[in-house]
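Overview (structure and organization)
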Amino acid sequence: MSIPTSDPQRTDSRRRHTLFLIAIVAAMLLGAVVGGFAKTEIPVIALLGDLFLNALKMMIVPLIVSSIINGVTSLGDIRKLGRMGALTAGFYLTTTILAVTIGMIVVNVIQPGVGVAVTAHIAPAVGEYSFLDVVRAMVPANLFAAMASGDILPLIFFSLFFGIVMSTLGEKIQPLQDAVDGLFLVSMKMVHIIILTAPIGVFALVATRVGAAGGFDAFGRELAAIGRYVITVMAGLMIHAMVILGLLAWFGSRLNPGKVVRQLAEPLLLAFSTASSSATLPVTMKTVQENLNVDKRVSSFVLPLGATVNMDGTALYEAVAAMFVAQCYGIDLSFSAQLLIVLTATLAAIGAAGIPQAGLVTLVMVLQTAGLPAEGIGMILAVDWFLDRCRTTVNVFGDAVGTLVIQRLLQKYLI
Ligand code: ASP
């Protein structure tokens, strides 16, 4: 993707970008106010939100397939893919474990669950979760079924396999190569156009969600009841984003982390509005390539994978939530039991899909493994939609920072 080079052009595009971001933030605030007073969903507004969300999701399949195949074939030497894979896995795992550790420290210091009265809750039906199922589903039995249900991991597997084989066939399949390149360019352009409607989409999504939560009154009451829990999760997320991811962003880009966040403002605001790393993925891809000059070969590999397996925010949240439940029920966890939570929270975050409140489903596994009551989820359910948005923002930030770090580490191989 080309970056404007001449100065007047650059100033102009920077000004437009700033205005656009202001419009999105204003839309978000307006949405909160409208939903807060409406106290319920307004069908027309909900429809606008759904249209925007659907448009983003619509781009996931063509963009992932074309960008991964295109990325793999343009890598040249397939050994580079192995190196990139190893570095990416190392990055994901390290940052996820750091996030969980920060969560554990914060929750042990603040102790948000101590003294909170356990109200009788029935275990909500959030579904079963098995880490092995996630691994099994990585190889799709039916590619089109995977596409139809928006499962990203099987699509990544297929596209990588396809790209690797394609790169061994050379000239013979040049028309196919051109078609994939074309699909990628068209998909990116479509994402550009969809983003232009973000202020309306973000307004609608936020208004609908705040309305569905019963407006300011109802949400305020819930917040007051378990406010310390919300503060604990948010404090942990802030520390992880600002310290760990901030340092890594600087390492990867040599830019002030604040500047990196500004450049990433669109995907971060969308992550907050949609509560879905996957729905945000097309915008994250466009933004890291165009605003942060990340090599397409890196972003097309690191981001789709990251949207489903790299979830720092979710990992941190799972750890805090499990400890909160233990504290509410007065269950004293030993150091080794807490270590088990660190491990399962990491796995649970890797296994969670990049969709709204997926972390809540995988939290069941963390609670069960740690021997904690699954109905404890009932305690945190009412505020989860809000924390989901906060953790998704950190998830997307972690993915984007990953592209910067991997690009830097692979610098000499990417010529
Ligand atoms: N909504 C999160 C995401 O898409 C996953 C979660 O529920 O934590 O990244």
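**Some remarks on the confidence of the model for the protein**
This prediction gives the protein a mean pLDDT of 89; 95% of its residues lie at or above 70. Helix α5 (residues 131–136) is the least confidently modelled element of the protein, averaging 76 in pLDDT, while helix α15 (residues 312–328) averages 96, the highest of any element.

**Quick word on the packing of aromatic side chains**
Per the stated rule, a full pass over the model turns up 8 aromatic pairs. Look at phenylalanine 219 and tryptophan 385: their rings are 5.0 Å apart centre to centre, the planes differ by 50 degrees, and that puts the pair in the tilted class. Here phenylalanine 219, found in helix α10 (residues 215–253), pairs with tryptophan 385, found in helix α18 (residues 377–409); they are 166 residues apart in sequence, far enough to count as distant. Accessibility assignment for this pair places phenylalanine 219 and tryptophan 385 in one class, buried. Taken together, Phe219, Phe272, Trp385 and Phe386 form an aromatic cluster joined through their ring pairs. Above the ring of tyrosine 317, the side-chain terminus of arginine 391 is found at 3.8 Å from the ring centroid. Across from the ring centre of phenylalanine 251, 5.7 Å away, lies the NZ or CZ of arginine 408, which sits over that ring.

**Some remarks on the site of the ligand**
By nearness alone, 16 residues border the ligand, and Ser277, Thr314, Gly359, Asp388 and Arg391 come closest of all. In this structure, serine 277 approaches the ligand through a side-chain N or O atom, which is 2.4 Å from an oxygen atom. A distance of 3.3 Å is found between an oxygen atom of the ligand and a backbone nitrogen or oxygen belonging to glycine 354. Bound to the protein, the ligand loses 100% of the 270 Å² it would expose on its own. Put simply, the ligand lies in the largest cavity. Going through the elements one at a time, α17 (358–369) and α18 are the ones with two or more residues in the shell around the ligand. No other element matches the 4 residues that α18 contributes to the shell around the ligand. Residues of the shell around the ligand, tallied by class, amount to 6 nonpolar, 8 polar and 2 charged.

**Points about the packing of helix α9 (residues 198–212) against helix α12 (residues 265–274)**
Where α9 meets α12, the axes come as close as 9 Å, and the angle between the chain directions of the two elements is 35 degrees. Between α9 and α12 the crossing geometry is left-handed. Together, Val202, Leu205 and Val206 of α9 and Leu270, Ser273 and Thr274 of α12 make up the contact between the two elements. Class assignment for the residues of the contact of α9 with α12 results in 4 nonpolar, 2 polar and no charged.

**With respect to a positive patch on the surface**
The grouping of Arg10, Arg14, Lys259 and Arg262 at the surface amounts to a positive patch. Secondary-structure elements contributing two or more residues to the positive patch are α1 (7–38) and α11 (257–263). Tracing the sequence through the fold places arginine 262 in helix α11. Taking the relative accessible area as the measure of exposure, arginine 262 reaches 35% and is therefore partly exposed.

**Things to note about the nonpolar core**
Residues Tyr229, Ile341 and Ile380 are the most contacted members of the largest nonpolar core, which totals 119 residues. The dominant element in this core, judged by the number of residues it contributes, is α18, at 16 residues. Beyond its immediate stretch of four places on either side in the chain, tyrosine 229 contacts Pro112, Tyr317, Val320, Ala321, Phe324, Ile380, Val383 and Leu387. With 8 residues, the next largest nonpolar core counts Val61, Leu155, Met166 and Val180 among its residues.

Calculation rules
As a convention, each chain's residues are numbered from 1 in the sequence order in which they are written. Local features in a predicted model are, by the rule used here, given only for residues with pLDDT of at least 70; side-chain atom pairs are given and counted only at 80 or more, and totals for whole chains, interfaces and linings are based on all residues. Calculated side-chain values reflect all of the structure's heavy atoms, with hydrogen atoms and water omitted. A residue's pLDDT is the predictor's confidence in that residue, given on a scale from 0 to 100. Numbered from the N terminus, helices here are DSSP runs of H or I no shorter than four residues, and strands are runs of E no shorter than two. Side-chain rings of Phe, Tyr and Trp, where Trp is taken by its six-membered ring, are said to pair if the distance between their centres is within 6.5 Å; with planes under 30 degrees apart they count as stacked, over 60 as edge-to-face, and otherwise as tilted. The buried label applies to any residue whose accessible area, calculated with a 1.4 Å probe on protein chains only, is under 20% of its type's maximum; exposed applies above 50%, and partly exposed to all values in between. Working rule: Lys NZ or Arg CZ, within 6 Å of ring centre, within 35 degrees of ring normal, means a charge sits over the ring. Being near a molecule or strand, for a residue, means having at least one of its heavy atoms within 4 Å of it. Any pair of N or O atoms that falls within 3.5 Å is considered a polar contact. Within protein, one atom must be able to donate a hydrogen and the other to accept it, and sequence-neighbouring residues count only if both atoms are side-chain atoms. Using a 1.4 Å probe, the Shrake-Rupley method yields the accessible areas, and only the shown protein chains count as cover for residues. Residues are called lining when one of their atoms sits within 4 Å of a cavity or pocket point, these points coming from a 1 Å grid over the protein atoms alone, where a cavity is a set in which a 1.4 Å probe fits but cannot get out and a pocket is an open set with protein on both sides within 12 Å along at least five of seven lines. A molecule is counted as occupying a cavity or pocket when more than half of its atoms fall within 2 Å of that pocket's grid points. Side-chain classes follow a simple rule in which Ala, Val, Leu, Ile, Met, Phe, Trp, Tyr, Cys and Pro form the nonpolar group, Asp, Glu, Lys and Arg form the charged group, and the remainder, Gly included, forms the polar group. Comment: axis = line fitted to C-alpha atoms, over the contacting stretch for helices; angle = value between 0 and 180 degrees taken between N-to-C directions. Crossing handedness is defined as follows: a turn of the near helix away from the far one that is anticlockwise and smaller than a right angle gives a left-handed crossing, while the clockwise case is right-handed. Residue contacts are defined here by distance: any two heavy atoms, one from each residue, within 4.5 Å place the two residues in contact. Patch membership is restricted to residues that have no salt bridge and whose relative accessible area is over 30%. Joining uses 9 Å for like charges and 5 Å for the nonpolar side chains Val, Leu, Ile, Met, Phe, Trp and Tyr. One side-chain nitrogen of Lys or Arg within 4 Å of one carboxyl oxygen of Asp or Glu is enough to make a salt bridge. Only four residue types enter the tally: Lys and Arg on the positive side, Asp and Glu on the negative side; His and the chain ends are excluded. Here the site of a charge means atom NZ of a Lys, CZ of an Arg, CG of an Asp or CD of a Glu. To qualify as a nonpolar core, a set must consist of buried Ala, Val, Leu, Ile, Met, Phe, Trp, Tyr and Cys residues joined through side-chain atoms within 4.5 Å.

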